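The chain contents come next:
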Amino acid sequence: MLTMTGICAVVAVSALFLILGYLVFHGGASVNWNFFTKLPVPVGETGGGMANAIVGSGKLLLLATLIGVPIGFLGAIYLAEFSGTTTAFIVRYAADLLNGVPSIVIGIFAYSLVVLPFKHFSTLAGGCALGVMMIPITLRSTEEFLRSVPNALREGAMALGASKWKAIATVIVPCAYRGILTAILLAFARVAGETAPLLFTALGNSFWSPGWNQPTASLPVVIYNYAISPYEDWHRQAWAAGLVLLSLILVINIVARGVLARGTPLSRS
Amino acid sequence: MAATTTTVPGTGPVAGSRSWLSGLREGDEIVRLITFLFAAFVVFLTVLLVFELWQGSVLPRHKFGFNFLRTSVWDPVNEQFGALPFIYGTVVTAAVALLIAVPLGLGAAIFLAELAPVRLSDNLEFFIDLLAAVPSVIYGLLGIFIVIPLMRQYIQPALKSTLGFLPFFQGPAYGLGFLTAGVVLAIMLLPYIISVSREVLLSVPRDQREAALALGATRWEATWKVVVPFARSGILGSIFLALARALGETMAVTMVIGNTPVISASLFSPGDSIASVIASQFKEATGDLYLQSLIELGLVLFLLTFILNGLARLLILATSERGGGMAHL
Amino acid sequence: MKRLPITVVLAILGFAGLVWADSTLSLTGAGATFPYPIYSKWFDEYHKKDANIQINYQSIGSGGGIKQITEGTVDFGAYDGPMTDAQLKAYQDKHGFPILHFPTVLGADVPTYNIPGVSAELNFTPQALAGIFLGKVTKWNDPLITGPNKGVNLPANDILVVHRSEGSGTTYIWTDYLSKVSEEWKTRVGKGTAVNWPVGLGGQGNEGVAGLVKQTPNSIGYVELIYAIQNKMLYGRVQNSSGAFIKADLASVTAAAASAAENMPADFRVSITNAPGKTAYPISSFTWLLIPSKIPDASKRDAIKGFVSWMLGQGQNYTEALSYARLPKEVVAKEKKALTEVQ
């Protein structure tokens, strides 16, 4: 029985390497200069790329971070430093609820709040959907790391005459910054791969998307559209895009965990 | 540190600094207010989401009532909408996924928590956490090009010839359908079951294990008969968490399930799930009743995941209270 | 002080976003996957002609085209069937002015299949097609199918039907045809962009159906002609109202439009499935751009009108290479006149 469990563990871990292996095998050859610099070409023609999807994903993630991180971060400060237990419970409960909402439902939410009133599909709507998803992850993790800062540091700061907000800004947050950074990176990596909320918010674009008010292509949505198509060239590009996307996400995850591990023992248990 | 004068607020020695100091005190209030607003905004957002879902599904709720959950006809032309095929599809794929992922995941978690040396356990856990980070659409990509052909050419015919007397393995083997969706979901759920179960198992107090060993149990007996039952509720919690995640999975499922609202005992049959049908039909649901029926499906899904997440949390808490280990997730 | 670099970065990005937004005019259209190959070619060529105009077309399915243009979230829609009176009224009620149809090309739905060991072009009677899609004809060696295909060795395998999973004009054309040739289909299922299919599994878009049929043995689906050609898939001949088995191609599709061309109604809403004519292909259709009759933004209006004029002229030269038939001359003339109605 013991060896059986070992086999289970090996199977689980090898799944990751199999996935990476397939992506490299099928997509590796298609990750070329064209892929990163060219726009998509009409069906049937070759030589197209995904430059607009890469930039589009970048813009969407930037917007998501600008929305999700401040709200999560500042909300966490409130929970960790200022709030009483009932408010804390309500806010945490709401955040957990939001975290558990399936991403497709977040897409519906963003569609009714941003797309309909403005009457466009837009990068803004997509960024909002992804930002909403980042909020609970950032909030809960930041709160945890802030709470884990020893009270001695807080009291030391107060003893030296710092007001509460000064203590937070100059002592507590810097002490927990590794964990907070990790939380932000992990949230970022999580929404980087999300497709469902973008389907009816950012829609898609075969050209560059100017500004924030136009639909935009994004890597996950393009992978989806190309994968279900019947064109060989598009399939190859889907694999390549998958490889690029997964590599990006894995690198961010590894960096995030590295950041955390190098920190003080208030990291992994 | 050079000569420091500890300034007690309110008694500043320099005349002009008094207003600055009281300004600082105000600073606390301002910061408190600002951070409160952001925290309250999170609550507001959640309430707004539920409100939008509720308001957005008013037509079908009034027209169909609870029958929405019981009827299986999904007919946009005649405006008849019933959620049953999608609820069925969601439940079946989740069930298949759990049937595969739970034994595998629990086995791996036991190995990592009880049997593996600490460094190996941590390193393997690192890779398993990375598996959790793989986006759904990539699983879908692999599903379409690797799993479906595998299913169609080897696995489904093999199942049919060996277990074909069971209603689950009858019917033509298309490669896509409930079974394939379940298999792809199982791989996606593995990391969640493994990492939560591992933590829960690690939080079981040492003395439980040692007492069993002292009484003459083998390592396996100690693990399986003492430690695992002790952590039972936490493990159940991890299963519920994984289940909640499975219910909401959209992309990987929609790419391999067959997109047909059908209720069938056969796992080879194509079907559809709630998340999958919303993804494929939302953009073009013409007519308010159609669109709002899709939103009502979203509401149903939301409620399902809400209940499951709540239960999961309670169960995990129950184990950790007993074990005194990790207090929150 | 740490906030300064961040604010600077944000300011630069915001400015860049604004500046970038100003230089190009971007139009968004959504709808049918049926004409996606020709539309993607057209919009690409038009962009080469005028680099300041980007027309971004998303083929999300005809249902999506109608929905999004009615919501006003896109600048124009695309649909393979004429909008119903109810849909037209819904648009008018919501916006206060009507929406106009502009035919762009002619295309055809073909029955494409993947039967191991069969490389011949099968002949399908209307009864066979209706039977297959109703779920009553379940095996490839059913007499309704083998009857007109003597000499082809059809296996006794189960037929797997593939249809569209989302709202689609291609479906509209297919079900419109089936409703005309089968009373049972008409009453049991009806015609529409999304129907309650008696059997089969769903693929997303023409691309999805073509992909599924290509990868699944013993399957049959319906796709726009160009998808079958581009994917080198076998597609069958269909028996027309005169009894002849016709293969879909430029000539037979053009023949289907011949009678409609002369009697084209002013709003261009017409169905040419099961058209009369000895050489007409029975599952042909126009496909339309749905353009609002009032476009307040002058530069967008000029861009759309400019594109449509180009499409009616030079654009038509690209159609045949992609296996779409060009519009009949009479229709082009009428459209040029109708274009002036877009204010």
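All values derive from a computational prediction rather than experimental measurement.

Colleague: Could you clarify how one ought to interpret the nonpolar core in this entry?
Modeller: Taken as a class, soluble globular proteins show a tendency for nonpolar side chains to be buried jointly. The biggest cluster of nonpolar side chains holds 292 residues, and the ones touching the most others in it are B:Ile278, B:Leu297, C:Phe286 and C:Phe307. Here the element with the most residues in this core is helix α12 (residues 288-323) of chain B; it accounts for 14 residues. When residues of this core are assigned to domains, at least three map to each of domain 1 (17-55) and domain 2 (66-328) of chain B. Leaving out residues up to four positions away in the same chain, C:Phe286 has contacts with C:Asp80, C:Pro103, C:Val105, C:Leu106, C:Ala257, C:Met264, C:Val270, C:Ile272, C:Leu327, C:Pro328 and C:Val331. Ranked by size, the runner-up nonpolar core spans 13 residues in total, among them A:Val13, B:Phe111, B:Ile128 and B:Ile194.

Colleague: What is the right way to read the interface of chain C and chain A from this model?
Modeller: Often the size quoted for an interface is simply the accessible area lost on bringing the parts together. Facing 36 residues of chain C, the contacting portion of chain A comprises 33 residues. For the pair chain C and chain A, the two sides together bury roughly 2800 Å², of which 60% comes from carbon and sulfur. Put simply, chain C and chain A have zero salt bridges between them. Between the two partners, chain C and chain A, sit six residue pairs in polar contact (both at pLDDT 80 or more). Of all the secondary structure elements, the ones that give two or more residues to the side of chain C that touches chain A are α1 (3-23), β1 (25-31), α2 (36-49), β2 (53-58), α3 (62-71), α9 (205-215) and α10 (225-230) of chain C. For the side of chain C that touches chain A, the element with the highest residue contribution is α2(C), accounting for seven residues.

Colleague: What exactly am I supposed to notice about the side chain of C:Thr73 here?
Modeller: Within the secondary structure layout, C:Thr73 lies in the loop between α3 and β3 (76-79). By relative accessible area, which is 4% here, C:Thr73 ends up buried. A polar contact of 2.6 Å, which involves the side chain of C:Thr73, links it to the side chain of C:Gln68. Beyond its immediate sequence surroundings of up to four residues, C:Thr73 is in contact with A:Val115, A:Lys119, A:His120, A:Phe121 and C:Gln68.

Colleague: I keep staring at unusual backbone geometry and nothing clicks. Help me out?
Modeller: Across residues other than glycine, the phi torsion is negative in most instances, and most of the peptide bonds are trans. Not every positive phi belongs to a glycine, and A:Lys119 is a case in point at roughly 60 degrees. Relative to the helices and strands, A:Lys119 resides in the loop between α5 (103-118) and α6 (123-147). For A:Lys119, a relative accessible area of 37% translates into the label partly exposed. Within the chain, C:Ser323 stands out as a residue other than glycine whose phi angle is a positive 65 degrees. Relative to the helices and strands, C:Ser323 resides in the loop between α12 (298-312) and α13 (329-339). Taking the relative accessible area as the measure of exposure, C:Ser323 reaches 16% and is therefore buried.

Colleague: Would you mind going over the interface of chain B and chain A with me for this structure?
Modeller: Facing 70 residues of chain B, the contacting portion of chain A comprises 75 residues. Between chain B and chain A the total buried area reaches about 6700 Å² when both faces are included, carbon and sulfur atoms providing 82% of it. Here chain B and chain A share one salt bridge between them. Measuring nitrogen to oxygen at the nearest pair gives 3.5 Å for the salt bridge that ties A:Arg257 to B:Asp129. In this assembly, chain B and chain A are joined by four residue pairs in polar contact (both at pLDDT 80 or more). Those elements that place two or more of their residues in the side of chain B that touches chain A are α1 (17-55), α3 (84-115), α4 (118-132), α5 (136-163), α6 (178-202), α10 (251-256), α11 (274-281) and α12 of chain B. Ranked by residues supplied to the side of chain B that touches chain A, first place goes to α1(B) with 18 residues. Its residues assigned to classes, the side of chain B that touches chain A shows 50 nonpolar, eleven polar and nine charged.

Colleague: How do you make sense of the confidence of the model for chain A when you look at a structure like this?
Modeller: When pLDDT drops low, the exact placement of atoms in the prediction is not to be read closely. For chain A, the average pLDDT comes to 86, and 97% of its residues sit at 70 or higher. In the model, residues 264-269 of chain A has pLDDT below 50 throughout and makes seven contacts with residues more than four positions away in sequence or in other chains.

Colleague: It is not clear to me how the sheet that holds strand β10 (residues 237-239) of chain C should be interpreted in this structure. Could you clarify?
Modeller: Within a sheet, neighbouring strands are paired by backbone hydrogen bonds and run either parallel or antiparallel to one another. Residues and elements named next belong to chain C. Strand order in the open sheet formed by three strands is β5-β10-β11, with mixed pairing between adjacent strands. Each of the sheet's edge strands pairs with one partner strand only, and the pair in question is β5 (123-124) and β11 (245-246). The pairing of β10 with β11 spans two bridges and is antiparallel. Its bridge partner being in β11, Gln239 is matched across the sheet by Phe245.

Colleague: Looking at this model, I keep getting lost on the environment of A:Thr5. Mind explaining?
Modeller: As for its placement among the helices and strands, A:Thr5 is situated in helix α1 (residues 2-27). Overall, the relative accessible area of 4% leaves A:Thr5 in the buried class. Sequence spacing of A:Thr5 and A:Glu143 is 138 residues, and the spatial spacing of their C-alpha atoms is 36 Å. Excluding its chain neighbours within four sequence positions, the residues that come into contact with A:Thr5 are B:Gly107, B:Ala108, B:Ile110, B:Phe111, B:Leu115 and B:Trp220.

Colleague: What is the right way to look at the domain arrangement of chain B in this model?
Modeller: Residue and element names in this part refer to chain B. Assigned domains within chain B: domain 1 (17-55) and domain 2 (66-328). Contacts between domain 1 and domain 2 engage five residues on the former and five residues on the latter. Here domain 1 and domain 2 share an interface that buries about 410 Å² over both sides, 84% of which is from carbon and sulfur atoms. The three residues of domain 1 that bury the most area against domain 2 are Val50, Leu53 and Trp54, which together make up 79% of that side's buried surface. Where domain 1 packs against domain 2, one counts zero salt bridges.

Conventions and cut-offs
- Residues numbered from 1 in each chain as written.
- Chains lettered and ligands numbered in written order.
- Predicted model: local features only at pLDDT ≥ 70, side-chain atom pairs only at ≥ 80, totals over all residues.
- Heavy atoms only, no water.
- Core = buried A, V, L, I, M, F, W, Y, C linked by side-chain atoms within 4.5 Å.
- Buried < 20%, exposed > 50% of the residue type's maximum accessible area, 1.4 Å probe, protein only.
- Helix = DSSP H or I, 4+ residues; strand = E, 2+ residues; numbered from the N terminus.
- Domains from an automatic or database assignment.
- Contact = heavy atoms within 4.5 Å.
- Buried area = accessible area lost by both parts, 1.4 Å probe.
- Salt bridge = Lys/Arg side-chain N within 4 Å of Asp/Glu carboxyl O.
- Polar contact = N/O pair within 3.5 Å; in protein donor to acceptor, adjacent residues only side chain to side chain.
- Nonpolar A, V, L, I, M, F, W, Y, C, P; charged D, E, K, R; others polar.
- pLDDT = per-residue confidence, 0-100.
- Pairing = 2+ DSSP bridges.

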